[in-house]
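Architecture at a glance
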Amino acid sequence: MDRHTIHRRRWLILPVLCLSLFLVVVDNTIVNVALPTLARELGATTSELQWIVDAYSLVFAGLLLAAGSLGDRLGRKRTLQAGLVAFAATSVAAAFAGGAGQLIAARAAMGVGAALVFPATLAILTNVFTDPSERAKAIGIWAGVSGLAVALGPLSGGWLLRHFWWGSVFFVNVPIVVVALLAGHALLPESRDPHAGRFDRIGFLTSVAGITALIYTVIEAPHRGWTDPRSLGGFVAAAMLIGTFVVWERRVAEPLLDVRVFANARFSAASGAVTVSFFALFGFIFLVTQYFQFVRGYDTFSSGVHTLPFAAAAIVAARISARLALRIG
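From a predicted model like this one, the values you see are computed outputs, not experimental measurements. (Residues numbered from 1 in each chain as written. Predicted model: local features only at pLDDT ≥ 70, side-chain atom pairs only at ≥ 80, totals over all residues. Heavy atoms only, no water.)

Section: a nonpolar patch on the surface
On the surface, a cluster of nonpolar side chains totalling about 600 Å² of accessible area is made up of Val-92, Phe-96, Trp-159, Phe-164, Trp-165 and Phe-171. Locating Phe-164 in the fold gives a position in the loop between helix 7 (132–163) and helix 8 (168–171). When its relative accessible area of 45% is taken as the criterion, Phe-164 is described as partly exposed. (Patch = residues over 30% accessible without salt bridge, like charges linked within 9 Å, V, L, I, M, F, W, Y side chains within 5 Å. Areas by Shrake-Rupley, 256 points an atom, 1.4 Å probe, with all protein chains shown as cover. Salt bridge = Lys/Arg side-chain N within 4 Å of Asp/Glu carboxyl O. Helix = DSSP H or I, 4+ residues; strand = E, 2+ residues; numbered from the N terminus. Buried < 20%, exposed > 50% of the residue type's maximum accessible area, 1.4 Å probe, protein only.)

This is the structure we're talking about:
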């Protein structure tokens, strides 16, 4: 596809990317409102309920950096569409899981597909929108869709649970994937990083192991205790692996991630702010959907409706942030 065609189609390409993004982000929170139902239907324990939510996030976070690097080398469109196919297949497995263990395994597998999709959407967006002003607007819309997906997860999950069985919160992904695949096949351009170089295997292994160790320990520490030897050991292992990753990336000629970008205070501050915000948001959504049902006595759909203020805030903030980015950087 030539640059003129890509430029002409750029505002048609953006909705396809946003739909793919919405799909993988909404699955972080759509299951939260179903937790009481899963406890009844599958006999899931509190620990199993947490892992039904976190298995997806753990694999997603652990593979995100490596999946982005693979997309740069193998082709971003190809990686995006492969991720969507994997996401649909594992969603079906989750929908028809026969127990909590099977559902946790399916959710972890869904995280693999999501990790392939998420970075590819942003990489394609920045490749398609070459004008800085239009790119800022497009990224603002992209970020707004991400925030909106987080907030709308409980609402859409609650509506599905009111009308269908619990597996519908996963099975609904399939028709959306079909639309995204067909539209993506017709509209998305293929692109690669022409200067990607050799694949950084050591960086890949240490990044996946380090991030996974950190997230796993954060998930398990509240049950074991923050000062439990296993928790402390997990944090030490994560620090050592991530430290090894940073040292290696500074020395290797073709790094998986150029860690020197974190020397930019504005970049590091923004990254830190996003990290803290999402820690707070996902933790809050996990708790508040159960509070609405177990304490306030709301049904699944009403619980979702009560999360709408977060969705409204995401819409408003996305519009404001896009304009502010253009005005002040």
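Still more ground to cover, so stick around.
Structural notes on the pattern of salt bridges
According to the stated counting rule, one finds seven salt bridges in the structure shown. Among the ionic pairs, Glu-134 bridges to Arg-10, the shortest N-O distance being 2.8 Å. Of this pair, Glu-134 sits in helix 7 while Arg-10 is found in helix 2 (residues 10–26), placing the two residues 124 residues apart along the sequence. Given a relative accessible area of 19%, Glu-134 falls into the buried group. For Arg-10, a relative accessible area of 13% puts it in the buried group. The shortest N-O distance in the salt bridge between Arg-107 and Asp-27 comes to 3.0 Å. Of the two residues, Arg-107 sits in helix 6 (residues 100–128) while Asp-27 sits in the loop between helix 2 and helix 3 (35–41), which places them 80 residues apart along the sequence. Like Arg-107, the residue Asp-27 is buried in the burial classification.

What to know about the nonpolar core
By size, the foremost hydrophobic cluster in this structure holds 65 residues, and its most contacted members are Val-24, Leu-38, Ile-52, Leu-80, Phe-87, Leu-103 and Phe-170. For this core, the elements supplying multiple residues, two or more each, are helix 2, helix 3, helix 4 (46–74), helix 5 (76–95), helix 6, helix 7, helix 8 and helix 9 (173–187). At 14 residues, the largest contribution of residues to this core is made by helix 6. Those residues in contact with Phe-170 that lie beyond four places of it in its chain are Asp-27, Val-31, Ser-91, Ala-94, Ala-95, Leu-103, Arg-107 and Met-110. (Core = buried A, V, L, I, M, F, W, Y, C linked by side-chain atoms within 4.5 Å. Contact = heavy atoms within 4.5 Å.)

Describing the packing of helix 7 against helix 12 (residues 265–295)
Contact geometry of helix 7 with helix 12 gives a least axis separation of 10 Å together with a crossing angle of 15 degrees. Overall, the two elements helix 7 and helix 12 adopt an arrangement that is roughly parallel. Along this stretch, helix 7 crosses helix 12, giving a crossing that reads as right-handed. Contacts between helix 7 and helix 12 involve Ser-146, Val-150 and Pro-154 from the former and Phe-278, Leu-281, Phe-282, Ile-285 and Thr-289 from the latter. Per-class residue counts for the contact of helix 7 with helix 12 are six nonpolar, two polar and no charged. (Axes fitted to C-alpha atoms, helices over the stretch in contact; angles between N-to-C directions. Parallel < 35°, antiparallel > 145°, perpendicular 65-115°, else oblique. Left-handed = near helix turned anticlockwise from the far one by under 90°. Nonpolar A, V, L, I, M, F, W, Y, C, P; charged D, E, K, R; others polar.)

A short note on the packing of aromatic side chains
One pass over the full model with this rule turns up 15 aromatic pairs. Ring centres 6.5 Å apart and planes at 50 degrees place the aromatic pair Trp-165 and Phe-171 in the tilted group. A residue is classified by how much of its surface remains accessible, and Trp-165, at 38% relative accessible area, is partly exposed. Residue Phe-171 is classed as partly exposed on the basis of its relative accessible area, which comes to 34%. Each ring, one from Trp-226 and one from Phe-235, has its centre 6.2 Å from the other, and the planes form 15 degrees; the classification is stacked. Trp-226 gets classed as partly exposed once you look at its relative accessible area, which sits at 48%. The exposure class of Phe-235 is partly exposed, given its relative accessible area of 26%. Through a chain of ring-to-ring contacts, three or more aromatic side chains come together here, namely Tyr-56, Phe-60, Phe-87, Phe-118 and Trp-142. (Phe/Tyr/Trp six-rings, centres within 6.5 Å; stacked < 30°, edge-to-face > 60°.)

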